[in-house]
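Examination of the molecular architecture
As a plain string of letters, each chain reads:
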Amino acid sequence: MRAVSLLSGGLDSLLATRMMIEQGLEVHALNFVTTFCTCTPKSSSCSAATSAVRQLGIELKVLDNTEGLIGAVKSPRFGYGRNMNPCLDCRILMFSRAREHMEEIGAEFLITGEVLGERPMSQHRDALRLIEKESGLSGLIVRPLSAALLEPSIPEQKGWVDRQAMLAISGRSRRPQMELAESFELHDYPCPAGGCRLTDPQFAARIRDLLEHRPDFTINDTRLLKVGRHFRLSPHTKAVVGREEPENERLTALAEPADVSMEPAEVPGPLTVLRGESQEPMLQLAAAITARYTSKAPDESAVRVALIGGPPQGRILEVMPAGDDELDALRIGA
Ligand code: SF4
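**Here we look at the environment of Leu-327**
- By the secondary structure assignment, Leu-327 is in helix H12 (residues 324-330).
- Taking the C-beta count within 10 Å as the criterion, Leu-327 has 17 such neighbours and is therefore assigned partly exposed.
- As for Leu-327 and His-230, which are separated by 97 residues in sequence, their C-alpha atoms are 9.8 Å apart.
- In this view, Leu-327 contacts Ile-289, Arg-292 and Ala-322; residues no more than four positions away in its chain are not counted.

Take a look at the structure:
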């Protein structure tokens, strides 16, 4: 019997997958990554999931769910969690794509590491039912960690898996999972809670600002949110200032042809990318912010800032560094 297991790289899905392998099933692991993952900064695979399949001795398929999740962030059917995380929409998308993958490889059902009541938005009874129904998987999801507390799934009813071996874990305590991991001698699970920037309040503030001022935002806009200090200069203009050299390089790579890039002309300092309208007052303000973060940041003397990329390239602006109060008033998130 073949099944697909949703493997996040966290402990729960690792344990659920291991339990099903113990029952002799042919388990194919499936992992989703998005630009919002905290564990996969650049690569297209999840290091935690890769480590998990290595321990389990099974193959891993990785799918990118960024585009779908951005659509859900812009317009969630089922709302947000505590921050800007549209978990129900996100999980429906993942489960729907998992169903397609099941069809492609001839798998009969889906395994997940969901634990009843562990996550407030997506793991209570009604949410589990809704996700099953909306993804076209009604009755076809086995949740080994909590199955004894749930209606028997079709695979349990038909005896494809042994319901007697299913567990009755619920709630947010991790202790039962830790004990199970011990009994399986699984010690390496580096990303136990999973990592999604949309649940982070500071990142959520940046997403909210983006949604308000640029509702048709792109993947590039979301990548920019992960880099540097962000300042809202006007409803149509934002400045992003690198904090250190790797961030300056990342900003250079993310700058689009219409963006203006600037940096201090004569002293070390950050690269700033101005996205949106770039009339003279915006250029001056962005230059003043850039000047504030130069290595010398002289309060009393002007700093020369060079426009090095984008339409007004080649100019030098001479500005006084912005004050801390001004910066605080313009800052988006931390
Ligand atoms: S925390 Fe993020 S990745 Fe996880 S379900 Fe919610 S939106 Fe999706």
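**Let's talk about the pairing of strand S7 (residues 237-241)**
- Of all five residues in S7, five are buried; the element is thus mostly enclosed.
- Of the two faces of S7, the one carrying Thr-237, Ala-239 and Val-241 and the one carrying Lys-238 and Val-240 are both buried.
- For strand S6 (residues 229-234) and S7, the ladder comprises five bridges, and the chain directions are antiparallel. Directly across from Ser-234, in S7, lies its bridge partner Thr-237.

**Let's talk about the site of the ligand**
- As a structural note, the neighbourhood of the ligand is formed by Asn-85, Pro-86, Cys-87, Cys-90, Arg-91, Ser-122, Cys-196, Leu-198 and Thr-199.
- Tallied by class, residues from the shell around the ligand come to five nonpolar, three polar and one charged.

**Some details on the environment of Leu-14**
- With respect to the helices and strands, Leu-14 occurs in helix H1 (residues 11-22).
- On the basis of neighbour count, Leu-14 is assigned to the buried category, with 30 C-beta atoms found within 10 Å.
- Along the primary structure Leu-14 and Ser-170 are separated by 156 residues, whereas in three dimensions their C-alpha atoms are 17 Å apart.

**Notes on the environment of Arg-275**
- Here Arg-275 lies in strand S9 (residues 272-276).
- For the pair Arg-275 and Leu-233, spaced 42 residues apart in sequence, the C-alpha separation works out to 9.9 Å.
- Among all residues touching Arg-275, those that are not within four sequence positions of it are Lys-238 and Asp-259.

**Re the pairing of strand S11 (residues 316-319)**
- Relative to S11, strand S10 (residues 303-309) runs antiparallel, the two sharing four bridges. The residue bridging Arg-304 from the neighbouring strand is Glu-318, located in S11.
- Between S10 and the antiparallel strand that follows it, S11, lie six residues; Gly-310 among them carries a positive phi value of about 95°.

**With respect to the nonpolar core**
- Grouped together as the largest cluster of nonpolar side chains are 87 residues, with contacts concentrated most on Ala-3, Leu-110 and Ala-286.
- By residue number, the principal contributor to this core is helix H4 (residues 87-105), which donates nine residues.
- Each of domain 1 (2-196) and domain 2 (227-330) gives at least three residues to this core.
- Not counting chain neighbours up to four residues away, the residues in contact with Ala-3 comprise Met-20, Leu-25, Val-27, Ala-107, Glu-108, Phe-109, Leu-110 and Ile-111.

**Here's the deal with the sheet that holds S10**
- Ordered in space as S6-S7-S9-S8-S10-S11, the six strands form an open sheet in which the pairing is antiparallel. Both outer strands of the open sheet, S6 and S11, are each paired with one neighbouring strand and no more. Direction aside, the axes of adjacent strands within the sheet are offset by 25° on average.

**Points about the packing of helix H3 (residues 66-74) against H4**
- Between H3 and H4, the least distance of the axes is 9 Å, while the angle of their chain directions is 150°. Judged by the inter-axis angle, H3 sits roughly antiparallel to H4. Judged by the sense of rotation from one axis to the other, the crossing of H3 with H4 is right-handed. Of the residues in H4, those touching H3 at Gly-68, Leu-69 and Ala-72 are Asp-89, Cys-90 and Leu-93.
- Partitioned by chemical class, the residues of the contact of H3 with H4 number four nonpolar, one polar and one charged.

**Considerations on the sheet that holds strand S5 (residues 141-142)**
- If you walk across this open sheet you meet the five strands as S3-S2-S1-S4-S5, and the pairing is parallel. The open sheet terminates on both sides in strands that have one partner only, identified here as strand S3 (60-64) and S5.
- Relative to S3, strand S2 (residues 26-33) runs parallel, the two being bridged by five bridges. Across the sheet, the residue bridging to Asn-31 is Val-62, located in S3.
- Contacting strand S1 (2-6), S2 and strand S4 (109-111), H1 crosses the sheet at an angle of about 165° to S1.

What counts, and at which threshold
Here, residues in each chain are numbered from 1, in the same order as that chain's written sequence. Local features in a predicted model are, by the rule used here, given only for residues with pLDDT of at least 70; side-chain atom pairs are given and counted only at 80 or more, and totals for whole chains, interfaces and linings are based on all residues. Helix and strand assignments follow DSSP, with helices taken as H or I runs no shorter than four residues and strands as E runs no shorter than two, numbered in order from the N terminus. Burial in this document is a count-based property: other C-beta atoms within 10 Å of a residue's C-beta are tallied, and the residue is buried at 20 or more, exposed at 12 or fewer, or partly exposed in between, with C-beta positions derived from the backbone. Here, residue contact means that the backbone-derived C-beta atoms of the two residues sit within 7 Å. We treat two strands as partners when DSSP finds at least two bridges between them. What makes a residue near a molecule or strand is its C-beta atom, placed from the backbone, lying within 6 Å of it. The classification used treats Ala, Val, Leu, Ile, Met, Phe, Trp, Tyr, Cys and Pro as nonpolar, Asp, Glu, Lys and Arg as charged, and all other residues, Gly among them, as polar. Core membership is restricted to buried Ala, Val, Leu, Ile, Met, Phe, Trp, Tyr and Cys residues, and these are joined into a nonpolar core through C-beta atoms within 7 Å. Note: domain ranges come from an automatic or database domain assignment. Structural elements are reduced to axes, namely lines fitted to C-alpha atoms, with helices fitted over the stretch in contact, and the angle between N-to-C directions of any two is expressed from 0 to 180 degrees. Throughout this description, any angle smaller than 35 degrees is read as roughly parallel, any larger than 145 degrees as roughly antiparallel, any in the 65 to 115 degree range as roughly perpendicular, and the remainder as oblique. Crossing handedness is read from the near helix: turned anticlockwise from the far helix by less than a right angle, it gives a left-handed crossing, and turned clockwise, a right-handed one.

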